[in-house]
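Listed here are the chains, written in short residue letters.
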Amino acid sequence: TSSSDGSSRNAQYEQAISKGVTALAELLKTHPDVVASNANTDVNGILENQYRFNFPPTNDYVISILINPCGANGTYGREDDVALGYDCCMERFGQGEYGYRLGSKDRFSNGFSNGIPIDPDEPLHNIDLVDELGNSLDYSHSRRAGDVIYIDESCKGLRQPHTACIADRFAAARSKMNPPCWDNNSTVDSTLDCHVPTGKRQRHCMQVSYSLNAFIPICGGDFEESDTCGSFLEVHGPSTPYDNEAAMLSQAKIMTPESNGMYTTTLSLAYKDDPSRILCSYEYNDIQEGSMVRVKSPISCCCPPWLSPLRDSKKGAFFCPKRKYGKDGGPFASDYKTLEEQYADHEFQQSFPHCPALDGDDILMCTQERVFAEDLPKNHSGRYFVRPCEPLVEADDGGGFSSADVSGLYPGVCPIDTRFTGCGMTLSSGLCHGKDHHYVIDEIGKVTSIPNKTNSNYGVTFNDGRSVYWFKKDELAFLKPESNYEVWFVVRNRFEKIVKKRKPFRVIWPRCTYDSVNDRYFPYAKLDGEGNPIPAL
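Residues numbered from 1 in each chain as written. Predicted model: local features only at pLDDT ≥ 70, side-chain atom pairs only at ≥ 80, totals over all residues. Heavy atoms only, no water.

A. Layout of a nonpolar patch on the surface. A grouping of I149, I151, L158, I166 and F170 is seen on the molecular surface, where their side chains present a nonpolar patch of about 430 Å² in accessible area. Listed by contribution, the elements that provide at least two residues to the nonpolar patch are β5 (148–156) and β6 (165–173). Among the secondary structure elements, F170 is positioned in strand β6. (Patch = residues over 30% accessible without salt bridge, like charges linked within 9 Å, V, L, I, M, F, W, Y side chains within 5 Å. Areas by Shrake-Rupley, 256 points an atom, 1.4 Å probe, with all protein chains shown as cover. Salt bridge = Lys/Arg side-chain N within 4 Å of Asp/Glu carboxyl O. Helix = DSSP H or I, 4+ residues; strand = E, 2+ residues; numbered from the N terminus.)

Take a look at the structure:
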């Protein structure tokens, strides 16, 4: 017993030492004596372009940001864009609402926020409505104005023959009316002026409203006016040949230690405080890490007959990891993001068929009847065991490829990936033999890696990074991002900048100035002597 107690004390001692070393290393990273001697610090003692991302959990506190909360940043609007007074979002409740493509919510944690966005003018029956945190909103609780219903003789039913149709002879369109204190983050025009809540007009700017249900870090005394201390709203753009995303394009210091509802300020849209340059409708020109892409031509293969809950027999194929019966397993099974999600899915994971322990990969599994199990009913799980599906091999006569799990000969092994060796190439007719399952990949995914010296293909994930599949560039269609700039809520001290929130927004005008020397666009628009954008090519 004494030997056991001694081993336990030694283990506790080693654990305490390990924790102490880790804590000391973290302390040294920001200790003034160490930071002061760091060659990467700028003249103000802030780490040069070094940001640390530390987003608070929602059960701790919540930061909300609204862009152009009173309408277009011209404040009083234009013919096609109704706007409200410049103080419509000052110390009052405000909330944005956002639409995702039906069925895409929670597919991805980055790239397209928490879902695949849909056109802001899409009617309600075509969207999954969520709040800023990605929580689903019931339409009856929405602040958005009801859709405009109009007669369309071509409509035969819901989304038939086009998506605007809501019923026989009726279609819907989004109302142009928006409530005050609303998020208009896709309407920014850098050529417009804006007003502070007191009515003062400023050049080339936009209104930004923020709230935080906790105290906002504010500096006083000698640091009250310092740019190295306090809370700031910063504008950042995409990584370009001219800047990376850490380059700060504009900033506004927050001077209120608390917010009673939304509090409105303004952010300059001048590019790096240069009055002759403003932010523009910059677009990505090529696929890069984090880009969203669609598989151009659906890639299909013929897999063993699929396991179906509608049949008595439990013999068939399925993908692991599983989330539910059907296509959502394997490549389309997203990772659990919270313990609550894992707990809610626990019962389904314990049900037949069982998946083996996986290390983040996908595997095609088949069920097979046990020997001497004929006495058990066909729908009894004890009659079957689970194994990986057999890979297809070439027939002896060279006439095709097959296995014991598929129903016939195929011209080759499935070209999607090595994880599909249990499936065959689709027949020239586009069909599969017998009851073999026609498996199709035609989804939207997120790029995890781009070609390099060792790999000429693009890595794409359909499950938020849990597993990756590889495609040639001509097999992918680039999807336009939902934003081209972001507002960052940043807390600064002398040694680091801590990003607490990133809020995307889109500049829709003007077009960027063309860089004729490098044959590409600048990430800004140049202004002439009268303050008008120089026409782009």
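B. Looking closely at the packing of aromatic side chains. A complete count under the given rule lists 20 aromatic pairs for this structure. Aromatic pair F53 and W488: ring centres 5.5 Å apart, planes at 75°, arrangement edge-to-face. Note that F53 is positioned in strand β1 (residues 51–53) and W488 in strand β29 (residues 485–492), a separation of 435 residues in sequence. Relative accessible area serves as the criterion here: at 37%, F53 is assigned to the partly exposed category. Using a relative accessible area of 1% as the deciding quantity, one classes W488 as buried. The side chain of R419 reaches across the aromatic face of Y469, ending 3.9 Å from its centre. (Phe/Tyr/Trp six-rings, centres within 6.5 Å; stacked < 30°, edge-to-face > 60°. Buried < 20%, exposed > 50% of the residue type's maximum accessible area, 1.4 Å probe, protein only. Lys NZ or Arg CZ within 6 Å of the ring centre and 35° of its normal.)

C. Representation of unusual backbone geometry in the model. Residue P353 is bonded to the preceding F352 through a cis peptide linkage, with omega at 0°. For P353, the location among the structural elements is in the loop between α4 (346–350) and β19 (363–369). For E91, which is not a glycine, the phi torsion comes out positive at approximately 55°. For E91, the location among the structural elements is in the loop between β2 (63–67) and β3 (98–101). Positive phi, normally seen in glycine, also occurs at H204, with a value near 45°. In this structure, H204 sits in the loop between β9 (201–202) and β10 (205–212).

D. Structural view of the nonpolar core. Ranked by internal contacts, the top residues of the largest apolar core, which has 33 residues, are I65, M206, L233, F489 and F505. Sorting the residues of this core by element identifies β2, β10, β11 (230–236), β12 (248–254) and β29 as the ones contributing at least two each. Not counting residues within four places of it along the chain, the set of residues in contact with L233 comprises I65, V208, Y210, S250, Q251, A252, I254, T265, L267, V487, W488 and F489. Counting 26 residues, the second-largest nonpolar core is a separate cluster that includes V293, C301, I441 and L476. (Core = buried A, V, L, I, M, F, W, Y, C linked by side-chain atoms within 4.5 Å. Contact = heavy atoms within 4.5 Å.)

Note that every value here comes from positions in space, so none of it alone points to a role or purpose.
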